[in-house]
Amino acid sequence: MMKEDGAHFARNTPNMAKLMDVIIPGLGGTTVEGFADLIDNSIDANAKNIKIFIEPNPKDKRVIDNYLIIDDGAGMTSDILVESHRFGTDTIHTQNDLGVFGVGGTIACFSIAKRKITYTKTKYGSLWVAESDTDWYSQQKFDPDRGCRIRRGSPKEEKFFENSCGRSGTIIVLQKLRPGGDYTNPRHLRAKMIKEYSRTFGKLLATRKLSISVGPKDLKEVKAKDPFYQSDSDICTYQFSRTYDIGGGKLKVTYLQLNLNLIEEKSDKEYTAQGFWVYRCGRLIRRGDSFGGLYIRNPLKNSLRVIVEYDEKLDNHLRTSATKNKVEPSQSIKDQIKPDLQILIKRINDHRKNNTTPETEAKITKEQNIFSENIAALAGQLNLPKTRSAPVYRKPSADKKAGSVEPKGSSIKRNKKQKADAVKQSRIIPEFKLMAVGPYAPHVSYDFGEDGRMQICINTDSHYVQKNYIKGDPKTQSVLRKEWSAACITEFEFHDLEEEYNIINSFRSQVSRNIEILDKNIK
């Protein structure tokens, strides 16, 4: 009943049609990420065998028609089954469960498809079947509060279930796939899943009695993969672990340096693999992460890996996202990790060597220093950033006599080098450095230190650099220095912006790779 002042409670429940067909699909990631969330649920149900079937269209085997994910876990009661079809479930999770927020499975299913059918049975229970279809919510007389149809399984379904799962387990069928999916070919998707899940679930596959298989019909098993090669001292040349006490929980961090020259797998040495690898309850949730801006990718540090391992006790401290694909560590955690991270970075920097002859290095270094002096002379035109110790202009004191003139200094004329040195005290000037970073790294990289330095790092392991710079004619060397200096000065403006800088670095790394290919194959 409405009060005299008009105050009353109004209905503001979500528009279920938009929630299920627009909002939830928008929260989801890729198909591979979605099925990883469903695998999480199967693992939490103590499944030992998990199978993903990518069903092709009967008329065109190159097109995906529907999906099945089958496990032999504990199964669900009818009440829990209904909860599994609801967004934001009340299902209780236990210690070390991969799922915890009650949204991952729903987002995964309805991001991929509009229709979800679940068959489930506990060891001593009956077979229950539940069905949800997002198209139901668009029907005029449909009750959105009853969006899940549940029933007992038929004898035919019971036989199908027993053949697939045994005495207990769960089968999820996804039909009416959403258009515009990231994969349409069954075999391409299977290859991607096998590759990604070997890393995502690698630690769990290696330590538990767990099997994950993927396929249209000819299932292929996912093999555990160690992307850090920790058992191979020739590849993993340095590793150090420390466990930090965080609010009653344990955060284990392992710092590693890899010899990328000995790694054959391309994805294990690519630019996006460097940085923090974050594992929650043994499951990889972030790869090559900045860990809240603590680390910024740089081609010169491509061999750096940091493994972070934690469980559900630290979800709040690391602000784990509901979809378990993002973390934002607290400042206190970053403050504890930073000193050890700096030790690893220093080690990587100290182990770089230059593979040019002393005579060649001396000659090129002299030319580079002259070029830097020429840049210093153009500091104003190039709008080079000021150093932190740059002199600050101060207004004349109040007791200065009217008409007086400030002295211009001594009458001694300074040469070009002296002027350049004076500019270097007030401006950040790009400096050149020759170093052997490895043939897998870009031919040139730009390093911006916390002290404000601006460094152009030239990779002497690069075929392109050796041919066109180390052994190139003076004109070619000058052109390259101009190009690299311009790029370095421009990138410096973005190096504090993590997202933009990562995009620029990825772009430059790809350009460098293409230059190497063109240079080696086109005369």
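Residues numbered from 1 in each chain as written. Predicted model: local features only at pLDDT ≥ 70, side-chain atom pairs only at ≥ 80, totals over all residues. Heavy atoms only, no water.

As for the overall build of the protein
Here comes step 1: When helices and strands are tallied, the protein shows 14 helices and 16 strands.
Here comes step 2: For the protein, the proportion of its 523 residues judged to be buried stands at 46%.
Here comes step 3: Carbon and sulfur atoms form 51% of the exposed surface of the protein, whose accessible area is close to 28,900 Å². (Helix = DSSP H or I, 4+ residues; strand = E, 2+ residues; numbered from the N terminus. Buried < 20%, exposed > 50% of the residue type's maximum accessible area, 1.4 Å probe, protein only. Areas by Shrake-Rupley, 256 points an atom, 1.4 Å probe, with all protein chains shown as cover.)

Quick look at the environment of Gln 342
Here comes step 1: Here Gln 342 shows up in helix α8 (residues 331–350).
Here comes step 2: Relative accessible area serves as the criterion here: at 34%, Gln 342 is assigned to the partly exposed category.
Here comes step 3: In this structure the C-alpha to C-alpha distance between Gln 342 and Tyr 295, which are 47 residues apart in sequence, comes to 9.9 Å.

Some points on the sheet that holds strand β16 (residues 454–459)
Here comes step 1: If you walk across this open sheet you meet the three strands as β14-β16-β15, and the pairing is mixed. Two strands lie at the open edges of the sheet, namely β14 (431–435) and β15 (444–448), each paired on one side alone. Strand-to-strand, the axes of this sheet are offset by a mean angle of 30°, without reference to chain direction.
Here comes step 2: Both β14 and β16 contribute to a ladder of five bridges, which runs parallel. Directly across from Leu 434, in β16, lies its bridge partner Ile 458.
Here comes step 3: In this fold helix α9 (residues 358–377) packs onto β14 and β16, with an angle of close to 160° to the strand it touches most, β14. (Pairing = 2+ DSSP bridges. Axes fitted to C-alpha atoms, helices over the stretch in contact; angles between N-to-C directions. Contact = heavy atoms within 4.5 Å.)

Section: the confidence of the model for the protein
Here comes step 1: Mean pLDDT over the protein works out to 85, with 88% of the residues at or above the 70 mark.
Here comes step 2: By mean pLDDT, helix α11 (residues 416–426) is the weakest element of the protein at 63, and strand β13 (residues 304–310) is the strongest at 97. (pLDDT = per-residue confidence, 0-100.)

Let's talk about a nonpolar patch on the surface
Here comes step 1: Among the surface-exposed residues, Val 22, Ile 23, Leu 27 and Phe 87 lie close enough to one another that they form a single nonpolar patch of about 350 Å² accessible area.
Here comes step 2: Position of Ile 23 relative to the elements: it lies in helix α1 (residues 16–27).
Here comes step 3: Under the relative-accessibility criterion, Ile 23 is labelled partly exposed at 45%. (Patch = residues over 30% accessible without salt bridge, like charges linked within 9 Å, V, L, I, M, F, W, Y side chains within 5 Å. Salt bridge = Lys/Arg side-chain N within 4 Å of Asp/Glu carboxyl O.)

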